[in-house]
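# Examining the three-dimensional arrangement
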Amino acid sequence: MLHTTVLLLTLLPPQGNESQGPLVGFPHAISVSAGTLGGTAPLGVSTLYFKIPGVTTAPPLELAPLPKTPDFRRSAMFPAAPAFDIHAMSLGLDWFLADAMGRAVVPSGGWGMISFSVTKGTVGVAGSVIHSEVLGDGAAADLFTWLIPGSAAPASWVGEVQRGQNGEEVGLSGLSPDLDGHDIFPAGYLLSPAIAAMLPARPSFYFCVAKATLDAVPAAWWGGAANKSAATVLRIKWDDVTRTWSTPEVALKWSDFVGMTQDEAIDALAYDELRGSVTFSTTSAARDPLLVGIPIGGGKLKVLTYTDMGGTPVSKRLGLLQTDDIDALCTTDPGMGHTAQIRQHLQARLGHPEPQRLLPQLPGRTSVAAFRGFDSAINQDSFDCWLIGWPRPKQPAQSIGVVGITFPSAPAIPLFPLQSFVRTPQPGQLPGGPLGFRLQVPSAYVLLGIPVQFHWITAEQQNPGVVDVPHPVTIRS
Ligand SMILES: [Ca+2]
Ligand SMILES: [Ca+2]
Ligand SMILES: [Ca+2]
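Definitions and limits used
Residues numbered from 1 in each chain as written. Chains lettered and ligands numbered in written order. Predicted model: local features only at pLDDT ≥ 70, side-chain atom pairs only at ≥ 80, totals over all residues. Helix = DSSP H or I, 4+ residues; strand = E, 2+ residues; numbered from the N terminus. Rg over C-alpha atoms; globule rule 2.2 N^0.38 Å. Core = buried A, V, L, I, M, F, W, Y, C linked by C-beta atoms within 7 Å. Buried ≥ 20, exposed ≤ 12 C-beta atoms within 10 Å, placed from the backbone. Domains from an automatic or database assignment. Contact = placed C-beta atoms within 7 Å. Pairing = 2+ DSSP bridges. pLDDT = per-residue confidence, 0-100. Axes fitted to C-alpha atoms, helices over the stretch in contact; angles between N-to-C directions.

Glancing now at the overall build of the protein chain. Check the secondary structure of the protein chain and you find eight helices and 28 strands. At 22 Å, the protein chain has a C-alpha radius of gyration in line with the 23 Å of a compact globule built from 477 residues.

Residues L179, I266, L269, L329, V368, A370 and W386 are the most contacted members of the largest nonpolar core, which totals 123 residues. Viewed by domain, this core spans two of them, domain 1 (2–15 + 354–476) and domain 2 (29–345), each represented by three or more residues. Not counting residues within four places of it along the chain, the set of residues in contact with L329 comprises I114, F116, H182, A268, L269, A270, T279, F280 and S281.

As assigned here, the protein chain comprises domain 1 (2–15 + 354–476) and domain 2 (29–345). Distance from the C-alpha centre of domain 1 to the C-alpha centre of domain 2: 30 Å. Of all the elements in the fold, those that place two or more residues in the side of domain 1 that touches domain 2 are strand 21 (367–375) and strand 22 (380–388). No other element matches the four residues that strand 21 contributes to the side of domain 1 that touches domain 2.

With that settled, the discussion passes to the sheet that holds strand 10 (residues 179–183). The sheet built from three strands is open, its strands ordered 4-1-10 with antiparallel pairing. For this open sheet the edge positions go to strand 4 (49–50) and strand 10, each flanked by a neighbour on one side alone. Where strand 1 (residues 29–32) lies against strand 10, four bridges are found, and the strand directions are antiparallel. Among the inter-strand pairings, V32 is bridged to a residue of strand 10, identified as L179.

This paragraph deals with the pairing of strand 23 (residues 399–406). Summarising the sheet, strand 23 and strand 24 (residues 416–423) pair through seven bridges and their orientation is antiparallel. Bridge pairing links G401 to F421 in strand 24. Relative to strand 26 (residues 451–460), strand 23 runs antiparallel, the two being bridged by eight bridges. Within the sheet, the bridge partner assigned to G404 lies in strand 26 and is H455.

With that settled, the discussion passes to the confidence of the model for the protein chain. Averaged over every residue, the pLDDT of the protein chain is 93; residues scoring 70 or more account for 96%. This model gives residues 1–15 a pLDDT under 50, and the stretch forms 17 contacts once residues within four places in sequence are excluded.

Let us look at the environment of M309. Turning to its location among the elements, M309 is positioned in the loop between strand 18 (301–305) and helix 7 (314–317). Its 13 C-beta neighbours within 10 Å are what place M309 among the partly exposed residues. Through-space distance from the C-alpha of M309 to that of R103 is 5.3 Å; in sequence the pair is 206 residues apart. Filtering out sequence-adjacent residues up to four positions away, M309 remains in contact with R103 and V105.

A few words now on the sheet that holds strand 7 (residues 143–147). The strand order 8-7-6-19 describes an open sheet built from four strands, whose pairing is antiparallel. Strands with a single pairing partner mark the edges of an open sheet, and in this sheet they are strand 8 (161–165) and strand 19 (326–332). Between one strand axis and the next, the sheet turns through 30° on average, direction left out of account. The sheet contact formed by strand 7 and strand 8 spans four bridges and is antiparallel. Each residue of the ladder has a partner; that of T145, found in strand 8, is Q162.

Here is the structure:
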C-alpha cells in the first residue's frame, strides 16, 4: 500500500508557481519604487508599508502604532522632509550570516535565512526560480528566501531559492510593481502588544537615499558634503519618552566601506548593529549583486563578495546573473542567532520548518508555514498556519485534510487533531489554494515560550493512495 502511494506521488504533475518557504503569508515592512500601486492606490517611495498577514492580495498599509511602540508612519519618521526615495533599509536587528572570509555559515541548530527581492531589470539564470518569475508575472515585487546551507530545516528547502510571496500576495500591483526595501522587524512592533514588548523600546532605523533624490533631503543630514552619497547609511533613533524620531544623521559613511566611491549606491541593506557587520547590495554592475562588509577596525569595513563555503558567490546560488541585482534584503537566524531577546521574539513570531519524521518516506508536495497573528477584535494573539498546494489543481474529487499539534517539550503527548477540512479546488484561488488555520493563543500562555508543532495530513477521496504529509512547523507561545 505504501509502495503504491509513493509511486503515485512521483507521477504527480510539477507544481505551479505556488508560494513556498518560511515566509509564506508572513507580515513584514516594505518600501517600493515609483509607480507601484497597492490595490488601486499609488504608494509613496519614502513610506514604510506593512504586508497584511496571511496569503492575501490585500494592499500593504501604512499603520498607526500600538500603544508604547515606535511610530513608523512617514509623518513621524520624516516630518517636513520633502519627497525622497528610501533605497535600502534596516532596523539594525539583522543577524550577520558569514564568517570572517564572507562565507555563508550557520551554527549547528541554527537556520540562517536571507530574504530578498530583485530589481525590475533582473533576468535570472535560465531554469532558476527567479527566471521563471521573470517569464511569468515578474519578479521585482516578489519576496524570495534562501536558507543557508547547514540550516536545520527540511533538506529539500536548504540552499534552494523559494518564492515566499508573489508580488500580488504582498498586495502590490500596477504596470511594473517593484518591492525595493524589506525588513521583517518593524512589523513585529505592530503585530501584538506581547510580541512588540520583546523588541527594543528605542530602535534605530537605518536607510539609504536613492541617488536621484539625494538633493531632495536636507544638507544637514549628511554632516558635511563629503558624506553626501547614496552609499552613506543614515540613521534615525526612536525616543520612547518624547515619542519622536531623531533627525537623520550618518551611521556609516560611504568611505567607511573600503574601496567604495562616493558615486556608488547601496540599494539593499541588512545591518547587524550588534556586531557592526553589513550584508548589502549596490547598483554597481562591476560588483557582485550580494556583498558583505566586515569591520576591520578604525570604523572601516572590508567589502567582500558573499560566498558559500566553497567560494561560489551566493548570488550565483540564487540563480542571479552578474548583471542582475538585489534591491531589498534581510538576514536572520531564528534558531541560534541574534540576542536572546530577539531570538525569543522571532521564535514566537515565525514558525521553524522542521524535517518531516512522521512518515519520512512520503516526499510531501504540500508545504506549511506558520507565524504569529493577532485578533484585535478579541485582543488575543494567534498562531496562523497556512497549507499550500492542497488539493492538487483540477482534481474534481473532494479531499480531506487534518491539522493537528504536538508539543515537542512533552513528547509523551500524542498528536492532537484540531480541525478537519473537506475541499475541492476552487477557481480563482491563489496558486496552491492557500488554506489558513488560526489557533488562538490563550492569554495566560502568550509569553510562556511553549513550543507548539503544527502537523498536516491530506488525502484524496478518489485516489486514497494520494496521501500527503508536509513537514511540520514549530512556533512558540
Ligand atoms: Ca512574481
Ligand atoms: Ca532597494
Ligand atoms: Ca543592488
